[in-house]
Amino acid sequence: MPLVRASAAPNLALSKYWGKRPGGAANLPVADSLSVTLNAFRTTVELRAARQDLILWAPAAGGPTAPLPDRLLPPYTRVLAAARRDWDLPPGLEATFLPTLEPAQGLAGSAAAFAAFAAALTILGGRSLSHPEDLRRASILARLGSGSACRSLHGGFVRWQRGELSDGSDSFAIPLPPVLPDLALLVVLLAPGRKATSSTEGMLRSAATSRLFPWWIDRCNQDCDAIQAALQANDFATLGHHAEANALALHAVCLASTPPLLYATPDTLRVFQLAADLRAQGLPVYVTLDAGPNPVLLHLPPARARLHSELGALFPQAPLLDLWPGDGARHEPR
Ligand code: 2P0
């Protein structure tokens with residue numbers, strides 16, 4: 001029986017994290033970001049005492065676990081080392097990751113994994129996910145594994161405040177009040193598969209080479225404020241407008257990098273055009289896009305049937321995933 005089980009879900013950024021402060025390893029961002037945690041595709045992590053640290057992953061479809069290759073271990077080692085500095089943990093730990101989504105599907109499985117890992121270590125350290133101070137510490141731990149993971153500790157809408165301190169102690173995620181419970185997200189899986197350039201590498205390249213990068217930093221902080229204000233006002237259209245503009249700005253920064261980072265495909269752009277056409281007809285639908293080809297349509301439930309019929313006609317082969325805001329990290333029964 002494991003010592004602890006915990007789970008967390010991926011999150012989708014409405015104002016994106018793209019750019020780290022120099023130094024890199026602590027994933028300290030140049031700007032705030034704002035996300036919504038998803039209701040599906042949770043990853044569970046089980047911790048067991050072991051002779052030495054071991055990271056095991058299971059396939060999403062179930063089946064035997066396998067040790068993670070050495071080249072992928074550094075972020076896990078960073079999280080474990082930081083957790084041991086805070087808490088009295090066993091000298092050897094076996095962590096088993098049980099995802100429900102293949103990483104290649106591009107829905108930020110690493111965010112779910114590192115949030116669940118941080119949650120499990122926090123509980124093993126004798127802390128509680130219902131205590132805000134412990135959750136703040138868990139968010140920082142998750143960030144050391146993968147930046148966007150710090151947002152998945154919380155459910156619903158979440159803002160990652162970038163912080164200013166070089167030790168990262170003020171760079172963590174904060175939950176926003178629960179609003180817009182009927183926000184719906186439709187993922188169009190145009191091209192499952194790993195992206196050519198990882199986010200980690202892509203954002204380093206943009207910071208180093210894109211002339212638009214200083215503009216992007218200001219833009220993100222403004223977009224976070226505008227989206228947070230729209231949430232407080234329960235104003236879906238304003239939220240959608242700023243989320244779509246932020247995604248397009250991210251891709252402008254990427255295209256202006258050297259060599260250019262081209263994540264969108266012609267089909268991705270057809271989805272942006274579809275949303276603009278539907279808005280012209282009075283249907284509020286907006287698109288966001290991460291560092292990959294698969295767009296996500298932000299909408300309200302009355303638009304769902306129309307979106308399914310339009311997208312089914314345009315892309316008969318593409319799976320469509322209906323998602324909603326979901327819960328943050330959870331302590332699971334053993
Ligand atoms: C986001 N992305 O805010 C943005 C939008 C991709 C595009 O966070 O290097 O995997 O592990 O800190 O968190 C992807 O970056 O990068 C990401 P690392 P991460 O969701």
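Here's what I pulled together on the structure shown here. Since we're looking at a predicted model, the values are computed, not measured. Note that residues are indexed from 1 along each chain, following the sequence as it is written. Side-chain atom pairs in this predicted model are given and counted only at pLDDT of 80 or more, local residue features only at pLDDT of at least 70, and totals for whole chains, interfaces and linings cover all residues. Water and hydrogen atoms play no part in the side-chain values, which are based on all heavy atoms of the structure.

Things to note about the sheet that holds strand S5 (residues 54-57)
Keep this limit in mind: Here a strand pair is declared whenever DSSP counts at least two bridges between the two strands. Secondary structure elements are defined from DSSP: runs of H or I of at least 4 residues count as helices, runs of E of at least 2 residues count as strands, and each element is numbered from the N terminus. Any two residues whose heavy atoms approach within 4.5 Å at even a single point are treated as in contact. A fitted line through C-alpha atoms serves as each axis, taken over the contacting stretch for helices, and the angle formed by two N-to-C directions is quoted from 0 to 180°.
In spatial order, the strands read S6-S5-S7-S4-S1-S14; together these six strands make up an open sheet with mixed pairing. The open sheet has two edge strands with one neighbour each: strand S6 (66-67) and strand S14 (330-332). Where strand S1 (residues 4-8) meets S14, three bridges bridge the pair, whose relative direction is antiparallel. Bridge pairing links Ser7 to Arg330 in S14. With respect to the sheet, helix H2 (residues 109-124) is in contact with S1, strand S4 (43-49), S5, strand S7 (93-98) and S14, its orientation differing from that of S4 by roughly 40°.

Points about the pattern of salt bridges
Applicable threshold: The term salt bridge refers to a pairing of a side-chain nitrogen on Lys or Arg with a carboxyl oxygen on Asp or Glu at a separation within 4 Å. For every residue, the accessible area obtained with a 1.4 Å probe (protein chains only) is divided by the maximum for its type, and the residue is called buried under 20%, exposed over 50%, and partly exposed between those limits.
In total, this model carries 18 salt bridges according to the counting rule given. Put simply, Asp322 and Arg304 hold a salt bridge, and the shortest N to O gap is 3.9 Å. Of the two residues, Asp322 is situated in strand S13 (residues 320-323) and Arg304 in helix H8 (residues 304-314); the sequence distance between them amounts to 18 residues. Here Glu332 ties to Arg330 by a salt bridge, and the two come within 3.4 Å at their closest N and O atoms. With a relative accessible area of 18%, Glu332 lands in the buried category. Among the ionic contacts, a cluster of salt bridges with common partners joins Asp32, Arg159, Arg162 and Asp225.

Description of the side chain of Ser152
By the element assignment, Ser152 lies in the loop between helix H3 (132-145) and strand S8 (157-161). Those residues in contact with Ser152, other than ones at most four positions away along the chain, are Ala8, Ala9, Pro10, Asn11, Thr37, Ala111, Ala115, Gly328 and Ala329.

Concerning H3
Note on helix geometry: an α-helix contains 3.6 residues per turn, so any two residues three or four positions apart are oriented the same way. For the record, the criterion: To estimate the expected span of a helix, subtract one from its residue number and multiply by 1.5 Å.
With 14 residues, H3 ought to run about 20 Å at 1.5 Å a step, and its terminal C-alpha atoms sit 20 Å apart, in line with that. In terms of burial, H3 is a largely internal element, ten of the 14 residues being buried. Taken as a whole, H3 has its buried residues at Asp134, Leu135, Ala138, Ser139, Ile140, Leu141, Ala142, Arg143, Leu144 and Gly145. Looking at the buried residues of H3, the elements they touch are helix H1 (74-86), H2, S8 and strand S9 (172-175).

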